[in-house]
Every structure is written in C-alpha cells, then in structure tokens.
Amino acid sequence: MSNLKIAKQLPFNILVKRLIKKVFSTQKTDYTVKDYRKSASNYTLNSLLNINEFSRSINQERINHYLRHEFDLLGSGWVSRNRDKELSLNSEHHFFAEKLFKHIPKDYQFINWQSDIKSGFEFDITKQFDKQIIDESKNVDVKNCWELGRMQHLPQMAIAAINGNNNEELIKEFRNQSLDFIISNPIGMGVQWGCAMDVGIRVSNLLVAYDIFKQTDSTNTLDDEFTLVFTDSIHRHVEFIFNHLEHKEGAAGNHYLFNLVGMLFATNYLSEKDETLEWRDFAEQEIERELYKQFFADGGNFEGSTAYHCLSAEAMLYAAALTLRNAKKIAPNYINLLGKSVHFIGDISKANGEIPQFGDNDSGRLFKFFAEESSLNYQSLLASFSGLFEMEIDAKFLLEKKIIEQFSNNSKLQSPSTRRKSKHQIRNAKHQVQIPSTTEIKFLADINLDKIAFFAYDDFGIYVFKSPQFYLAISGISNKNMHHSWGHVHNDKLSFDLQVNGEDLVKDPGTYSYTAFPEERNEFRSTKAHHGIVVKGIEQNKLIDLFYLDREVKCQILEIQNLSITLQANYYGVEHIRKFTILANQLIVTDYCNKRFKVNINQFDKYAPNYGKLQNRK
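Rules used in this analysis
- Residues numbered from 1 in each chain as written.
- Predicted model: local features only at pLDDT ≥ 70, side-chain atom pairs only at ≥ 80, totals over all residues.
- Heavy atoms only, no water.
- Helix = DSSP H or I, 4+ residues; strand = E, 2+ residues; numbered from the N terminus.
- Core = buried A, V, L, I, M, F, W, Y, C linked by side-chain atoms within 4.5 Å.
- Buried < 20%, exposed > 50% of the residue type's maximum accessible area, 1.4 Å probe, protein only.
- Contact = heavy atoms within 4.5 Å.
- Phe/Tyr/Trp six-rings, centres within 6.5 Å; stacked < 30°, edge-to-face > 60°.
- Lys NZ or Arg CZ within 6 Å of the ring centre and 35° of its normal.
- Pairing = 2+ DSSP bridges.
- Axes fitted to C-alpha atoms, helices over the stretch in contact; angles between N-to-C directions.
- Salt bridge = Lys/Arg side-chain N within 4 Å of Asp/Glu carboxyl O.
- Polar contact = N/O pair within 3.5 Å; in protein donor to acceptor, adjacent residues only side chain to side chain.
- Parallel < 35°, antiparallel > 145°, perpendicular 65-115°, else oblique.
- Left-handed = near helix turned anticlockwise from the far one by under 90°.
- Expected span 1.5 Å × (residues − 1).

A separate point is unusual backbone geometry. For Met-151, which is not a glycine, the phi torsion comes out positive at approximately 60°. Phi at Arg-551 takes a positive value of approximately 60°, unusual for a residue other than glycine. Take Arg-551: it is sitting in the loop between strand E11 (548–549) and strand E12 (554–561).

Here the focus is the nonpolar core. Residues Phe-213, Phe-265, Phe-407, Phe-470, Leu-472, Phe-496 and Leu-498 are the most contacted members of the largest nonpolar core, which totals 176 residues. Apart from the residues within four sequence positions on either side, Phe-407 is in contact with Leu-48, Leu-49, Val-208, Phe-265, Tyr-269, Tyr-318, Ala-321, Leu-322 and Arg-325. Tyr-512, Ala-529, Phe-604 and Ala-608 belong to the second largest nonpolar core, which has five residues in total.

On to the packing of aromatic side chains. The final tally for this structure, using the stated rule, is 37 aromatic pairs. Plain terms: the ring middles of Trp-113 and Phe-181 are 5.0 Å apart, the flat faces sit at 80° to each other, and that makes the pair edge-to-face. Of the two residues, Trp-113 sits in the loop between helix H4 (94–101) and helix H5 (143–149) while Phe-181 sits in helix H7 (residues 167–184), which places them 68 residues apart along the sequence. The class for Trp-113 is buried, based on a relative accessible area of 2%. Here the aromatic rings of Phe-242 and Phe-282 are separated by 5.5 Å at their centres, their planes lie at 90°, and the arrangement is edge-to-face. Linking Phe-242 in helix H9 (residues 224–243) with Phe-282 in helix H11 (residues 274–294), this pair joins segments that are 40 residues apart in sequence. When its relative accessible area of 25% is taken as the criterion, Phe-282 is described as partly exposed. Through successive ring pairs, a cluster of aromatic residues spans Tyr-31, Tyr-36, Trp-113, Phe-129, Phe-181, Trp-193 and Phe-240. Sitting above the plane of the Tyr-43 ring, Lys-273 keeps its charged end 5.5 Å from the centroid. The lysine or arginine in question, Arg-521, covers the ring of Phe-547, its NZ or CZ lying 4.9 Å from the ring centre.

Consecutive side chains along a regular strand alternate between the two faces of the sheet. A large share of strand E7 (residues 496–500) lies buried, amounting to five of its five residues. Here E7 shows a buried face lined by Phe-496, Leu-498 and Val-500 and a second buried face lined by Asp-497 and Gln-499. In terms of strand pairing, strand E6 (residues 470–475) meets E7 through five bridges, oriented antiparallel. Paired with Ala-473 across the bridge in E7 is Asp-497. When E7 meets strand E8 (residues 503–506), the two strands line up antiparallel, connected through three bridges. Residue pairing in the sheet places Gln-499 in a bridge with Asp-504 of E8. Counting the residues that bridge the hairpin from E7 to E8 gives two residues, and of these Asn-501 lies at a positive phi of roughly 50°.

What follows covers the sheet that holds strand E4 (residues 453–457). Note: strands within a sheet are paired through backbone hydrogen bonds, in either parallel or antiparallel orientation. Pairing is antiparallel across the open sheet formed by five strands, whose spatial order is E4-E5-E6-E7-E8. Edge positions in the sheet fall to E4 and E8, since each of these pairs with one other strand and no more. Ignoring which end each strand starts from, the neighbouring axes of this sheet average 15° apart. For strand E5 (residues 462–466) and E6, the ladder comprises five bridges, and the chain directions are antiparallel.

Our next topic: the pattern of salt bridges. For the coordinates displayed, the defined rule picks out 31 salt bridges. Notably, a salt bridge pairs Arg-280 with Glu-272, separated by 3.2 Å at the nearest N-O pair. Given a relative accessible area of 5%, Arg-280 falls into the buried group. Take Glu-272: its relative accessible area is 53%, and that puts it in the exposed class. Put simply, Glu-405 and Lys-402 hold a salt bridge, and the shortest N to O gap is 3.3 Å. Here Lys-402 and Glu-405 lie together in helix H15 (residues 398–407), a separation of three residues that amounts to about one turn. Since its relative accessible area comes to 8%, Glu-405 is described here as buried. Owing to a relative accessible area of 24%, Lys-402 belongs among the partly exposed residues under this scheme. Bridged by salt links that share partners, the residues Glu-53, Glu-390, Lys-402, Glu-405 and Lys-412 form one connected network.

Within the open sheet, the five strands sit side by side as E3-E15-E14-E13-E12. Their pairing is antiparallel. Lying at the two open borders of the sheet, with one neighbouring strand each, are strand E3 (437–442) and E12. Adjacent strand axes in the sheet meet at a mean angle of 15°, parallel and antiparallel pairs treated alike. For E12 and strand E13 (residues 564–571), the ladder comprises seven bridges, and the chain directions are antiparallel. Each residue of the ladder has a partner; that of Lys-554, found in E13, is Asn-570.

On to the environment of Ile-335. Along the chain, Ile-335 turns up in helix H13 (residues 332–348). Expressed as a C-alpha distance, the spacing of Ile-335 and Ser-415, which sit 80 residues apart in the sequence, is 7.2 Å.

Moving on, we come to the side chain of Thr-276. Its location among the elements puts Thr-276 in helix H11. At a separation of 2.8 Å, a polar atom in the side chain of Thr-276 contacts the main-chain amide nitrogen of Lys-273. Beyond its immediate sequence surroundings of up to four residues, Thr-276 is in contact with Tyr-43, Thr-267, Leu-270 and Ser-271.

This brings us to the packing of H7 against H9. The N-to-C vectors of H7 and H9 enclose an angle of 50°; their axes lie 11 Å apart at closest approach. Judged by the angle between their axes, H7 and H9 are oblique. Judged by the twist between their axes, the crossing of H7 over H9 is left-handed. The segment H7 lies against H9, with Phe-174, Arg-175, Ser-178, Leu-179, Phe-181 and Ile-182 engaging Phe-226, Val-229, Phe-230, Ser-233 and His-237.

Attention shifts here to H13. The end-to-end C-alpha distance of H13 is 24 Å, a good match for the 24 Å that 17 residues give at a rise of 1.5 Å each. Across the 17 residues that make up H13, a large majority, 13, are buried.

In short, the description is geometric, and any link to function would need to be established separately.
Have a look at this one:
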C-alpha cells in the first residue's frame, strides 16, 4: 500500500521514467567477479591548496583518538574501530590486497570498516554493496559505517600535521589508513560503496588531506609507489560515482549534489584528460541545474529541513568555488541564489551561532575541519561562504575562509545586498472557531523590543524574530514544490523555537535515528513531538514510510502586526490558528482550533542533541 502511495506522489514524468527503467533495466556491473583496483595510474594529482597561509590550533586529544582508531560518530562515544579478526575477501580480490599488505607495518591495527559499532552487526565484504542482507532484529544503522567511511577525520589530522610535533607520525598514519581502506574495501564490495553520496564525501576528504599532508612530507613517506595506488583509488572513486549517480530519474535531492561535488573535487585534482574533462563539464552543468531545482527563490532549500538546507548549501559553495577555479563564468541568477542561500543561514541563526532545527538533521557535513560543539552550529560554514562573498566573520574561522579562497583562485562574487521583503500585508485576522487557549512563557529578565528584527522566508516557510537577547523561529514549512517525498520534513507546523537571554525555553527534540529504530524515527517526526497542538488521532501529515509523508498540511500567514504574527495550518479537516505576541517580559501563544485539542508545548519528554544520541528532555 505504501508503494502505491509513493507512486502517486511522484511527478508524472518521473513515474513514467522509473517504470521504463524497471521494464528495460540495464546490465549492472558485477563487482564480485573482477577486481577493479590497480597499483599504477595513468593520472597525476594536482595541488590546489597552499598551507603557508593556514593557521589554526587543533584539539590534540581528538587527534590522539584518531591515531588509536577511536572515533566518536553519530552518538557512539569514543570507541575503537579496530578489526579483531582476519580480513575475509573473495578470491577475486585477494591478489591485489596481498600486494599492498607489504606496504603496511606489521604492528598497524586494521580498521573494521564493515561494522555498525552500536548494533554489533557486520556487513559482508564478500558481497556487492547492493546485495547486503541486514539482520532487522539488531537495529542496524548503516550510517554508522558510512560516517566512518567519509574519512572526515583525515583533513583534521592533516591540519594538525602542519605545525604539530608529531608530523611524521600523522603522515604515516594517513598513508596506512588510506592503504587500509583500499585493501579492505574492494571497489563495489561491502557497505562502504552502498551510497554514492558518501563516496563523493570520502573522495573529497581524501584529496584535501593528501594535498595538505604532501606539503608537510619532508621524509617522502607519501612516495611515488603510494601515490600511484592512491591516485588510482581516487580515479576509481569518481568512476564509481559517475556509474551510480543518485539522479532518481530527475527527482534528485541532496545526495545527487554530493555525487556532483565529489566528481568536481576528483576532476580538479586529477590531471586533465578527455575523461576527467568530460566528467568535470558534466558535473558543472548539472550542479547549476540542481541549484535552480533544489533552492527556492528566497534561497531556502526544498528538502524542508533547516539542517539539510545548510548541508546542501555547503555542497553548492564548494561546487561554485571549484567552478570559478577553472575560469568558468557563473550566471548572475546562480550567484544571486547562492548568495540568498547563505543569507538564509545567517538570518535564521541564533545569537549563540545555532540554527533552529525544523525537519531532519543527521549531523551531515561535507567537511568537518574542526569539530563543532553542536550539529546545529554552522558558523564555520558561514565563514567558508565569506571566501566567495565579502562577509564579516569570527576571526577563529579564517582558515575556512582561506580554503575557499584557494579553491576558487581568489575569485569573489557579489552577494545580494538586500533580503526579500515579506509579501504579507498587515491585516486583521478573524477567528471563527472555538474558545482559544493561551500559553504564557515568562522571561527571567525583560528584553529590549526595539532591537527585534523580523525575517520572513515565505517559500521555505520559516519566520524569525530576533535580537541579541531574543529569538523566535516559527515553522510554516509546507510548500508543495518541496521534494516530492517530504522525506526530511517533520510534522512541526506552527511549532517554534524560543531562546531568551541565551537560554533555550522551547527547542525542537531533534531527529535521533533513521532506519535503526523505525518507531522512534516516526515518533520524533510526529505531531506530538513538536510544540504545536495535538488533535486526537490526527497527524499533520500521515506517515507513509520512513522517508515519505502524505503532503497534506497547508500553512499561511493571516496577520503580521508590530511584534505579533498569526498563522494558520489546515490538515485533514483540522483548522489550527496560532498567534504569537512578543512582550518585554513574556511570549504569549494563543491557539484556536475547530476541533478539540491540547496545547503541546514542551510536552515531549525525549531529546536528541545530535543524530544517534538520546536523552530525556530537561
């Protein structure tokens, strides 16, 4: 039944393409019968960065964890990911692995790339990536493997090696971990090739780390023999991405952006040949098309999630920088929309640097050069954008700015000078519904009302009142032009995020998990998990499957007047009207509904500060 509902939600032209593809399926590569790795490459690697301009202190304790192969990923805590048994490969993949084993010290501890550290389940390296069988009784989360395989710790180690006392140790560890991955993960085999998005993130991080490490390698640890193997692996990565694009017959999302960005990194680092130039041109053309598809006119992203907006905007930022590097002209509309996407992040950010969470958040980033305290803090991303657009940033993020400047060959873009004005006129709202319910949220200290500014992103559906003391963000995310699945959208309409004088008084509960715990997945995106109202037995949007909603709810603004805003949400016969009134000492929330309801502010007792972490709400 859910498949039929999903089919009905697909745009007609996409549905037709998928049916045709299913009927006339093409022959897929069988990675089990051949080893696609080589120990020599026809390509060389360019250097795009200049570490002489880099300066930033690193958390040495974190680096020490990496040296011991301990990783804190998606709520795992710092745990060892070392393999405790022999690697078991298909016979077709033995020969190449044996050739490389001799280049790794005997005391090196190999990493277990196939293990979901939380559930204890191990994926099968002898089976192709799309033939894996998951034990559903073990609450397996494939993301725990993919997150490790993104290799986002390697650029952190490389930056630490620039001025660190253990430079040589870090370079040797980079070499060993790179060879470890190549040996332990034959192309197309096991879990690490199961998602082309993660392959794209991995190849980007491998290249940036190599570029930095190579410039600090005074003892030639990364010698010609290693570089040949490494370069061939990079080429195989981009080849794999191109053959497994997550285009979804045109109904693509953030995954496709990272396919393209991975291709751009690989084809800018690899020497120019007919093949790489063809891939690069393809990626540049597609990334521009996807910008217009995936971002609304106000700059907001069509995934319907504030965190996924930031993730997709990061992909677009690096794509633009690498496109500019090749002296390609970027269209004014492209520049304008990219600039609006960064204004969006700045405008919805709180005084402490965090954004409100509406919709999913899986803690995803392209690069994590320095670990953020919170997965909702995107100040480093704003600093990266300053490498293209002139913006004021915190001095501690200068390295992020410098990296973008180097990737783009110091090209600068003109940011839109003004935000879009709200389309809404001041008018009176008439509420012909039941007796209202009023909630008063008191402040410990009065706020200055004159300092509060209002930001409206009507296409995306978020409305923000903020000052250095006060922050209120409201979700009206319901644009029918969002991604057809509403897969990262939550039932959070007219829910809100409130921070006063640095204290969070109302905050979204988060995401927690995707596939490992289906019941919790649905609970965290349900109406009852958010700060709206609950009408017994009625969700704002019915849950079709873990990444599909029914797309029922409609939201609109009824009234904006001074420091007051009134919005309406309609779904399955429910008409909910909510008015927010900001006073110096309190926020008044007034709810009206045509059905019996309960106000649900701060009633959900669970909280997930990051993906994979779960705690009781304080």
